[in-house]
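A closer look at the structure
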Amino acid sequence: MIWFWLKNSRIFSLPMAILSWLVIFVYALKSGGNIINGIIALIGISFAQLATNLFDDYMDYKNLPPNSQTCKCSYIKDGKATLNDVLKVVIFYLSISCLTGLFLLFRCGLPVIGLAVIGGIITLLYSKMSQKGLSELAVGITFGPLLFEGVYFVMTGNFSFNVFIMSLAVVMFTIGLMYTHTVLDYEGDMCSHKQTLVCRLGNKTKAVNGVFFVYGLGYLFTLILTYIMKNPDILATFVLVPLVFNLRNSLKSFECGGEEKEFYFRLLKARNLMVYYSLILSAVFFTQ
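Notes on the structure in this doc start here.

1. With respect to the environment of phenylalanine 47
Mapping phenylalanine 47 onto the fold places it in helix H3 (residues 35-60). Linking phenylalanine 47 and serine 9, residues 38 residues apart in sequence, is a C-alpha distance of 9.8 Å. Residues within four places of phenylalanine 47 in sequence aside, it is in contact with Tyr93, Ile96 and Ser97.

As C-alpha cells, then:
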C-alpha cells in the first residue's frame, strides 16, 4: 500500500527535490552549516513535493479529456483509489511537512514561518496555477530561491546573493522536467482547455523547441554563477549540453496516446538532465 501511494505520488520525480537540496546542502556544509537542520528540511521538502504531485491529480481528474495519456490518473480511473483516498494521503503528506516546519521554527526562528507559508500556498495552488500557464513559475519559486535560501538559512542562519543565483541556475533544470511533462501532455491539455505555458504557445513545434530556451536560461545563470563565485570548475556542467539536444529530438518524435513506456522514457530524459547537473555542481562544491 505504501509503494502504491508513493508510485502514484510520482516518487520518480523526487530526485529533483533531493538533488536540488544536495547542491545547497553541500555548499552550506562547507560554510559550517548545521547538518541536522539540513536533513530535517529535506524531509519537509520531499513530502511537500509528493503532496503537490498527488493534489495535482486530484484536481486534474475532474477535467480529464478523452484522449489524455493512458497513464494520467490511471489508478483513479481503474478504481484502485477514490478521490477521497487521494485527499486523505495529501493531508497526511502535508502534516509531515508541517511538523518538520515546526521543528525548524523552534531551532531557527521566525523566518521559517514566512518560508513555510509561501511553500504551503504554492503547494495548494499549484494545480490552479498550472491551468493558467504558471506551473513553471510555481516550480521556479519553490525549487529555486525558496528551497535554496530556505535550506541555507536553517543551516547557517543567513541568506546569500550567491545562493540566489545558484538557485536560478539549478531550478531551470527542474523547470525543464516540468516543461517536458507539459509538452508530452500537449494534446490532452489543449482538449481540456488547460492553459499551460506550452498550450499558450499554440504550436507543438514551438513547444518542443522551447526546450532550448529553458535550458539556455539555465546555462546563462550558470555562467553568471561562475563569474560571481570565480569558480571555473562550475563550467563542467556544460558537458551535458548534448543531452539537451537529445531530449528535444526525442520530444519531436513523441505521439500523443502512445504507450506509457514511451511517455516515461522521454520524461526520464529530462529528469536525468537535472540529476546529472546537480551531481556535477555538488561535486564541484564538495571538492573546494
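2. Observations concerning the environment of leucine 147
Tracing the backbone shows leucine 147 in helix H7 (residues 135-156). When the C-alpha atoms of leucine 147 and tryptophan 21 are compared, they prove to be 7.3 Å apart, with 126 residues separating the residues in sequence. If sequence neighbours within four positions are ignored, leucine 147 has contacts with Ala17, Ser20, Trp21, Ile24, Ile45, Ile141 and Thr142.

3. Some words on the nonpolar core
As a rule of thumb, nonpolar side chains are buried together in soluble globular proteins. Ranked by internal contacts, the top residues of the largest apolar core, which has 70 residues, are Ile24, Met166 and Phe285. The biggest single contributor to this core is helix H8 (residues 161-184), with 15 residues. In contact with phenylalanine 285, other than residues within four places in its own chain, are Val23, Val26, Tyr27, Lys30, Met166, Met229 and Ile234. Leu6, Leu50, Ala51 and Leu54 belong to the second largest nonpolar core, which has 11 residues in total.

4. Quick word on the packing of aromatic side chains
Here a ring pair, both rings aromatic, is described through the centre-centre distance and the interplanar angle of the planes. Inspection of the entire model under this criterion finds 12 aromatic pairs. Their ring planes at 85° and their centres at 5.4 Å tell us that phenylalanine 173 and tyrosine 219 sit as a pair that is edge-to-face. Of this pair, phenylalanine 173 sits in helix H8 while tyrosine 219 sits in helix H11 (residues 204-229), placing them 46 residues apart in sequence. We note that phenylalanine 173, like tyrosine 219, is buried. Cation over ring: lysine 30 sits above phenylalanine 286, and NZ or CZ is 5.2 Å from the ring centre. Against the face of tyrosine 227 rests lysine 230, its NZ or CZ located 5.8 Å from the ring centre.

5. Things to note about the packing of H11 against helix H12 (residues 241-252)
For the pair H11 and H12, interaxial distance at closest approach is 8 Å and the crossing angle is 160°. As the angle between them shows, H11 and H12 are arranged roughly antiparallel. Crossing geometry of H11 relative to H12 is assigned as right-handed. For the pair H11 and H12, the contacting residues are Val208, Asn209, Val211, Phe212, Tyr215 and Tyr219 in the first and Val241, Val244, Phe245, Leu247, Arg248, Leu251 and Lys252 in the second. For the contact of H11 with H12, the class distribution of residues is 10 nonpolar, 1 polar and 2 charged.

6. Points about unusual backbone geometry
Located in the positive-phi region is lysine 230, a residue other than glycine, with phi close to 50°. Tracing the chain through its elements places lysine 230 in the loop between H11 and H12.

7. Let's talk about a nonpolar patch on the surface
There is a patch of nonpolar side chains on the surface, built from Leu110, Ile113, Val117, Ile121, Leu124 and Leu125 and spanning about 560 Å² of accessible area. Tracing the sequence through the fold places leucine 124 in helix H6 (residues 111-131).

8. Topic: H8
Look at H8: 35 Å from first C-alpha to last across 24 residues, which is about the 34 Å you get at 1.5 Å a residue. At valine 171, H8 shows its maximal bend, which comes to roughly 25°. When you tally the buried positions in H8, you get 20 out of 24 residues, the bulk of the element.

9. Examining the packing of helix H2 (residues 15-29) against H8
The N-to-C vectors of H2 and H8 enclose an angle of 165°; their axes lie 10 Å apart at closest approach. Put simply, H2 runs roughly antiparallel to H8. Remark: the crossing between H2 and H8 carries right-handed chirality. Contact residues: H2 offers Met16, Ser20, Val23, Ile24 and Tyr27, while H8 offers Asn162, Val163, Met166, Val170, Thr174, Leu177 and Met178.

Criteria and thresholds
- Residues numbered from 1 in each chain as written.
- Predicted model: local features only at pLDDT ≥ 70, side-chain atom pairs only at ≥ 80, totals over all residues.
- Heavy atoms only, no water.
- Helix = DSSP H or I, 4+ residues; strand = E, 2+ residues; numbered from the N terminus.
- Contact = heavy atoms within 4.5 Å.
- Core = buried A, V, L, I, M, F, W, Y, C linked by side-chain atoms within 4.5 Å.
- Buried < 20%, exposed > 50% of the residue type's maximum accessible area, 1.4 Å probe, protein only.
- Phe/Tyr/Trp six-rings, centres within 6.5 Å; stacked < 30°, edge-to-face > 60°.
- Lys NZ or Arg CZ within 6 Å of the ring centre and 35° of its normal.
- Axes fitted to C-alpha atoms, helices over the stretch in contact; angles between N-to-C directions.
- Parallel < 35°, antiparallel > 145°, perpendicular 65-115°, else oblique.
- Left-handed = near helix turned anticlockwise from the far one by under 90°.
- Nonpolar A, V, L, I, M, F, W, Y, C, P; charged D, E, K, R; others polar.
- Patch = residues over 30% accessible without salt bridge, like charges linked within 9 Å, V, L, I, M, F, W, Y side chains within 5 Å.
- Areas by Shrake-Rupley, 256 points an atom, 1.4 Å probe, with all protein chains shown as cover.
- Salt bridge = Lys/Arg side-chain N within 4 Å of Asp/Glu carboxyl O.
- Expected span 1.5 Å × (residues − 1).
- Bend = angle between axes of the 7 residues up to and from the residue.

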